[in-house]
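# Breakdown of the fold
The chain contents come next:
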Amino acid sequence: QVQLVESGGGLVQAGGSLRLSCATSGRTFSNYAMGWFRQAPGKEREFVAGISRSGGMTTYGASVRGRFTISRDNAKITVYLQMNSLKPGDTAVYYCAADSSRSWNERPRSTRSAFNYWGQGTQVAVST
């Protein structure tokens, strides 16, 4: 089992950047593919980005591709989401999630049901 704690959210102006971090507990972080999701008020939770256990495979939601970058540091048992060129439409609670079903370099999945463990979320607000 793994526990996830997100940090790095906040208020930023449109066009700015933020880096979210997701710290994990336990010594089995490298057993999990990791993902970021977000949920805006009144909307479904949306896939943002995913990264394989090795870190060598990534996938992105269409709305963030080219602006956001997911990465992981298995030694620091942390996954990151670098968010650039932020827009008001990026405003949401961002959640970190872990998927235990992937092999080492298998492409991460992008459906909510694929992820076993979730953090509590961190708020990101982008102003005009």
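Our structure is the block above this text.
Residues numbered from 1 in each chain as written. Predicted model: local features only at pLDDT ≥ 70, side-chain atom pairs only at ≥ 80, totals over all residues. Heavy atoms only, no water.

### A look at the overall build of the chain
Keep this limit in mind: The way it works is that DSSP assigns letters per residue, a run of H or I at least four long becomes a helix, a run of E at least two long becomes a strand, and they are numbered from the N terminus. For a compact globule the rule gives 2.2 Å times the number of residues to the power 0.38, and the radius of gyration it is set against comes from C-alpha atoms. Between two residues, a contact is recorded if the distance between any of their heavy atoms is within 4.5 Å. Neither His nor the chain ends contribute to the count of charged residues, in which Lys and Arg are positive and Asp and Glu negative. The atom standing in for a charge is NZ when the residue is Lys, CZ when it is Arg, CG when it is Asp and CD when it is Glu.
On a plain count of helices and strands, the chain comes out with zero helices and eleven strands. Along its sequence from the N terminus, the chain presents helices and strands in the succession β-β-β-β-β-β-β-β-β-β-β. Computed over C-alpha atoms, the radius of gyration of the chain comes to 13 Å, within 12% of the 14 Å expected from 2.2 N^0.38 for 128 residues, which places it in the range of a compact globule. When contacts within the chain are restricted to residue pairs at least 6 apart in sequence, long-range pairs at least 24 apart make up 61% of them. Averaging the locations of the 15 positively and 7 negatively charged side chains of the chain gives two centres separated by 3 Å.

### What to know about the sheet that holds strand 8 (residues 78–83)
For clarity, the cut-off: Strands are labelled as partners when DSSP assigns at least two bridges between them. Orientation is described by axes fitted as lines to C-alpha atoms, over the contacting stretch for helices, and by angles from 0 to 180 degrees between their N-to-C directions.
Read from one edge of the open sheet, four strands run 1-3-8-7, paired in antiparallel fashion. Here the strands that pair on one side only, and so sit at the sheet edges, are strand 1 (4–7) and strand 7 (68–73). Neighbour to neighbour, the strand axes of the sheet diverge by 15° on average, direction disregarded. Pairing geometry for strand 1 and strand 3 (residues 18–24), over four bridges, is antiparallel. Residue S7 lies in a different strand from strand 3, and its bridge partner there is S21.

### Focus: unusual backbone geometry
A positive phi angle, close to 45°, is found at I77, a residue other than glycine. Here I77 is to be found in the loop between strand 7 and strand 8.

### Regarding the nonpolar core
For clarity, the cut-off: As used in this record, nonpolar core signifies buried Ala, Val, Leu, Ile, Met, Phe, Trp, Tyr and Cys residues forming a set joined through side-chain atoms within 4.5 Å. A simple rule labels every residue: compare its accessible area, found with a 1.4 Å probe on the protein chains alone, to the largest value its type can have, and call it buried under 20%, exposed over 50%, or partly exposed in between.
M34, W36, V79, L81, M83 and Y94 are the most contacted members of the largest nonpolar core, which totals 28 residues. Among the secondary structure elements, those contributing two or more residues to this core are strand 3, strand 4 (33–39), strand 5 (46–51), strand 7, strand 8, strand 9 (92–99) and strand 11 (122–127). Among the elements that make up this core, the one with the highest residue count is strand 9 (four residues). With near-sequence residues (within four places) excluded, L81 lies in contact with L18, R19, L20, W36, V48, A49, F68, T69, I70 and Y94. By size, the runner-up hydrophobic cluster in this structure holds five residues, among which are F37, F47, A97 and F115.

### A look at the pairing of strand 7
A one-sided burial pattern is seen for strand 7, the buried positions being F68, I70 and R72 and the unburied ones T69, S71 and D73. Of the strand pairs in this sheet, strand 7 and strand 8 are connected by six bridges, and their pairing is antiparallel. Note on strand 8: the bridge partner recorded for S71 is Y80. Where strand 7 folds back onto strand 8 in an antiparallel hairpin, the turn is made up of four residues, including I77, whose phi is positive at roughly 45°.

### Re the side chain of S21
Assignment of secondary structure puts S21 in strand 3. Overall, S21 belongs to the buried group, its relative accessible area being 16%. Filtering out sequence-adjacent residues up to four positions away, S21 remains in contact with V5, E6, S7, W36, T78, V79 and Y80.

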